[in-house]
Number of protein chains: 2
Amino acid sequence: MKNQPYLRIKFKAPQPGKKHTCPEIVQNIKEQILRHRLSGLRLPPIRFLAHQLNVSKTTIQKAYDELISQGLVESKPRLGLYITPAQKEVQIPSVTKAAFLATDQGPAYLNYHAPPSPKTINLSSDLINPDLLPLQKISQCFRAALANPDLTSKYYVQGYPPLRKEIAERLQKYGINAHPDNIVITIGSQQAISIIFRSLTGATIATENPTYYAAQRLFKINKNKIIGLPLDPFQEIQMDLWAELIQKYQPQALYLIPNFQNPTGHSYSSSELQQILLLSKKFNLGLIEDDWGSDMLSFSEFKPSLRAIGGENVFYLNTFTSKLLPSLRIGYVLASTKNIPSLLYTKSASCLAASSIDEIALYEFLYRGYYDAHLTKLQQALDKRYKFCLKILRERMPANIKWTLPGGGPMLWLEVPRHISLEKVSSKLQKQNIYIDLNQECFAGPPNLHGFPIGYAYNSLENLQKGLEALALALTN
Amino acid sequence: MKNQPYLRIKFKAPQPGKKHTCPEIVQNIKEQILRHRLSGLRLPPIRFLAHQLNVSKTTIQKAYDELISQGLVESKPRLGLYITPAQKEVQIPSVTKAAFLATDQGPAYLNYHAPPSPKTINLSSDLINPDLLPLQKISQCFRAALANPDLTSKYYVQGYPPLRKEIAERLQKYGINAHPDNIVITIGSQQAISIIFRSLTGATIATENPTYYAAQRLFKINKNKIIGLPLDPFQEIQMDLWAELIQKYQPQALYLIPNFQNPTGHSYSSSELQQILLLSKKFNLGLIEDDWGSDMLSFSEFKPSLRAIGGENVFYLNTFTSKLLPSLRIGYVLASTKNIPSLLYTKSASCLAASSIDEIALYEFLYRGYYDAHLTKLQQALDKRYKFCLKILRERMPANIKWTLPGGGPMLWLEVPRHISLEKVSSKLQKQNIYIDLNQECFAGPPNLHGFPIGYAYNSLENLQKGLEALALALTN
């Protein structure tokens, strides 16, 4: 009973330059009790009211005594002062339940790629093996960040300025003309596409089909009309068909993942990027380039991005999350000067700012040169894994199975003849604690591919081999 | 020249179980050159292509020799192999500029509360003085978090489960019936309101007038119709007027900040909260309670929240940011089971997940009992500052200035007679490097108050005194 809530009391301001007098306090409490017919509630402890009003405890004690003598308040031994119950008709509506507000007017909730249990071999993971992550160096950088005086007095809507400077310098090295003022730090690349597309609610958007499931999810929430441009990772892109679809449906923007496209693992050739720029010019099509993948590919510094050859109008976005640590969710968008204000406005409304501890730690990581050193090692490790994966596939897979040759990086696409049920293969594998990702959210309409990604970055080589061998068996029978 | 981009080449899959043959490679490159009339581009280094296709360097060398002998490729000394320029009419459109995509269809960008320079005395800051922040303990918790194996293999859409458990236990102590499954961790409280209101695009929303500027910003982006319920921090709330407005405009939801309302510093009395629940029931009005402030008030554990007395339908949100570190942006929303799926769907589309390093560090902070210990010290320090601020105000302010008596916490509201120009006062102060926040974004329509918040949490006592004395002078003349 001692911890029972007490009455909140609001006090009118005292006379200017004065403290509340005892009668003012009594009058105030009395009015509240009578006007709102409160009863059964406890009065605040004397020390609290004395503190709130900055008057002496004696003043409050006198006020309470007066209220008791007026019969408005009664003392319960060892419990405190309670407002005297009024006539029986007075009830405090403290159990009135608030009305229910439905927030499920968006699309039905779909299960996430429920991460398989740690003992499962996840053949479709796009994560990196923990042993390849530079955790110790990241820890060093966090220690430096936590000693940084910038932590305690500010947050950064656009992102920590020295981090934006480091990123701009990196991009310059890749042939991208970037200024720190044109960079907005985001929570992974997902927030980058979220703030770009926020002002395109209801618009028609073109994108590869299939594409990244979380982008599809965003388009659904934004009530976009999606024009799926068919992507077959075993073929060159059918640019004529793409042009036809774009001409017919007149989308405002095209969202692309030119390197290790999710989920197909497909990477664009230079000529394809050039043709896309021609489409952009011809059909007044805004371009959003999601470049999460290039940093994982050896020699990628020689491969010009869409942003490098198409100029500042291309929205370029990238993330450090997938290369450094799944839990360090920092990405960015590079945009034209004209687009920055609306991106900042939208970001501030969606989260004010990201965690600047993480941003400062990442700044340290880039500034000290750790990132380039890490990428070199990571690319070598992924190359080794890619070769290993190809070797197993060549040795084990039946003749009717085909796969793409991305040349390194984290993943490839494995395509299976239509007569083989992917669900059956998946459930066979599940019994052996092996997981393949058949998420259909990535397709706009009926699936135009019949397969799934093979990620060779995440598992130990031993588990990768075990998983692929089991997969080969499941596809054979 | 050495770093000039090279051609991206896409290869058809080889025969099943085989590697690419030299003729296949030649044919592939030849097709790309001829089909797309590429010229002037460099061929990839031999080692790269050998790596991509997992064939020997000799195979690639032979393929390149063949291309040279076919006249398709020429060797430039010390530069590498280049595609022979075709007839003059062939041009690589590498400088085609992408189309511009406008993202500024939302409201015009408004300047942020541009944080005043470090030398400025910010009288309106809602931040906490860095000396009161538990930075050393936070650092300890980050060190523990960086050693946590959960970091490297996962991210958490709903938020790190042990953190949600700690928060649920805290809420239980405050009389709120909370389960970890009903909590979604967010990036500050701003993301909490952002994901709640995401599915209420275009809806009519009631809120205090004035209210938090960043919430107003969100409502503008969401194209909400805003019903401003007048809030005068010197009066009891005019519940009859509120009821009238709600009946007239039938808003779907009411967004409230019941403790240290931003910007007025106003806190609701118990009877006001009860009356709001009655309005909710009568008008089928969803309630969103933004409780950022209560943790800063002494004895607040005795004050029941709207969620405590109104039950699970009330969306309850809170943040650790304002109490711990401006750069540790972690908040949460507690919602009914029926609302969780849509909140998760929206959160995953907006950022996938927040930084789990920060979440794990905060979990440690709560689990070790640091937070409760910190709040006790913080509340005492804020109480001291509140008293100090009142003392200066009483001693210095002219008789026509009034201020609220919130009883502690971070801020109060100072109201000025209409005939005094706030802009003139502000510019007088600016010359002395003193800042007051006259941001008008918080008002729905013309301002119903003529004043500004005084934050006594941020400045040193010396600077607070200096700032208030200068303010009193500026208001006097």
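Keep in mind that this is a model prediction, so the values were computed, not measured.

Caption draft 1: Examining the overall build of chain A more closely. Within chain A one finds 16 helices and 14 strands. Expected size for 477 residues packed as a compact globule is a radius of gyration near 23 Å; at 31 Å, chain A overshoots this value by more than 25%. Looking at the 477 residues of chain A, the share that counts as buried comes to 52%.

Caption draft 2: Local environment of the environment of D65 of chain B. With respect to the helices and strands, the residue D65 of chain B is situated in helix α3 (residues 57-69). In the structure, D65 of chain B is positioned ten residues away from S75 of chain B in sequence and 9.9 Å away in space, judged by C-alpha atoms.

Caption draft 3: Representation of the pairing of strand β14 (residues 451-455) of chain B within the structure. All names here are of chain B. Summarising burial for β14: five of the five residues are buried, a large majority. Relative to β14, strand β12 (residues 411-415) is paired through five bridges, and the arrangement is antiparallel. Along β14, the bridge assignment pairs W413 with P453.

Caption draft 4: Spatial organisation of the domain arrangement of chain A. Domains assigned within chain A are domain 1 (1-89), domain 2 (121-125 + 373-476) and domain 3 (133-370). On a C-alpha basis, the centroid separation for the pair domain 1 of chain A and domain 3 of chain A is 59 Å.

Caption draft 5: Region of the structure containing the sheet that holds strand β4 (residues 183-186) of chain A. Residue and element names in this part refer to chain A. A sheet is described by the order of its strands in space; here seven strands give the open sequence β4-β10-β9-β8-β7-β5-β6, paired in mixed fashion. Each edge of the open sheet carries a strand with a single partner, namely β4 and β6 (225-230). Within the sheet, the average angular offset between the axes of one strand and its neighbour, ignoring direction, is 20 degrees. In this sheet, strand β7 (residues 253-256) lies alongside strand β5 (residues 204-209) in parallel orientation, the contact comprising three bridges. In the strand pairing of β7, I205 is matched with A253.

Caption draft 6: View of the packing of helix α12 (residues 340-351) of chain A against helix α6 (residues 188-197) of chain B. α6 of chain B packs onto α12 of chain A with a crossing angle of 95 degrees between their chain directions and a minimal axis gap of 5 Å. With respect to α6 of chain B, the axis of α12 of chain A lies roughly perpendicular. Residue-level contacts link A349, S350 and C351 of chain A of α12 of chain A to G188, Q190, Q191 and S194 of chain B of α6 of chain B. When its residues are assigned to classes, the contact of α12 of chain A with α6 of chain B shows two nonpolar, five polar and no charged.

Caption draft 7: Representation of the interface of chain B and chain A within the structure. With 120 residues of chain B in contact, the opposing surface of chain A contributes 120 residues. Residue composition of the side of chain B that touches chain A, grouped by class: 62 nonpolar, 42 polar and 16 charged.

What counts and what doesn't
- Residues numbered from 1 in each chain as written.
- Chains lettered and ligands numbered in written order.
- Predicted model: local features only at pLDDT ≥ 70, side-chain atom pairs only at ≥ 80, totals over all residues.
- Helix = DSSP H or I, 4+ residues; strand = E, 2+ residues; numbered from the N terminus.
- Rg over C-alpha atoms; globule rule 2.2 N^0.38 Å.
- Buried ≥ 20, exposed ≤ 12 C-beta atoms within 10 Å, placed from the backbone.
- Pairing = 2+ DSSP bridges.
- Domains from an automatic or database assignment.
- Axes fitted to C-alpha atoms, helices over the stretch in contact; angles between N-to-C directions.
- Parallel < 35°, antiparallel > 145°, perpendicular 65-115°, else oblique.
- Contact = placed C-beta atoms within 7 Å.
- Nonpolar A, V, L, I, M, F, W, Y, C, P; charged D, E, K, R; others polar.

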